[in-house]
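Analysis of the macromolecular model
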Amino acid sequence: MTRSLALMAGIAGAAGAAGLTTLVRPATARAALGLPEAEATTYALRIAGMMLLALGLFLGGFAAVFTLAGGAA
């Protein structure tokens, strides 16, 4: 695996973990970011968490497919 693919896999893992945590436990993310406790904040954090999770899935998937296709020679 090349350095760029390892970097992509690392970013994908970090984004996926952060996104899943934000999606499942928005109160924890709200407290860590110092945001006010409001319904709109919860919705915004869930949307942001889903976007980060999707980034991790797509980036990790593209890195895996590229490696399986023999692009990392």
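In case you missed it, the structure is sitting above this.
The structure presented is a predicted model; accordingly, all values stated were derived computationally and were not measured.

Cut-offs used in this document
Residues numbered from 1 in each chain as written. Predicted model: local features only at pLDDT ≥ 70, side-chain atom pairs only at ≥ 80, totals over all residues. Heavy atoms only, no water. Axes fitted to C-alpha atoms, helices over the stretch in contact; angles between N-to-C directions. Helix = DSSP H or I, 4+ residues; strand = E, 2+ residues; numbered from the N terminus. Parallel < 35°, antiparallel > 145°, perpendicular 65-115°, else oblique. Contact = heavy atoms within 4.5 Å. Nonpolar A, V, L, I, M, F, W, Y, C, P; charged D, E, K, R; others polar. Buried < 20%, exposed > 50% of the residue type's maximum accessible area, 1.4 Å probe, protein only. Arc of directions from axis to C-beta.

1. Quick notes on the packing of helix α2 (residues 26-33) against helix α3 (residues 39-68)
It is at 10 Å that the axes of α2 and α3 come closest, and there the two elements cross at 100°. The pairing of α2 with α3 is recorded here as roughly perpendicular in orientation. On α3, the residues touching Pro26, Ala29, Arg30 and Leu33 of α2 are Thr41, Thr42, Leu45 and Arg46. Split into classes, the residues belonging to the contact of α2 with α3 amount to four nonpolar, two polar and two charged.

2. Brief notes about α2
Listed as buried for α2 are Pro26, Ala29 and Arg30. Looking straight down α2, one finds that the buried residues subtend no more than 100° of arc, so they occupy a single side. Of the exposed residues in α2, the ones pointing more than 90 degrees away from its buried face are Ala31 and Ala32. At the exit of α2 stands Gly34, carrying a positive phi of roughly 70°.

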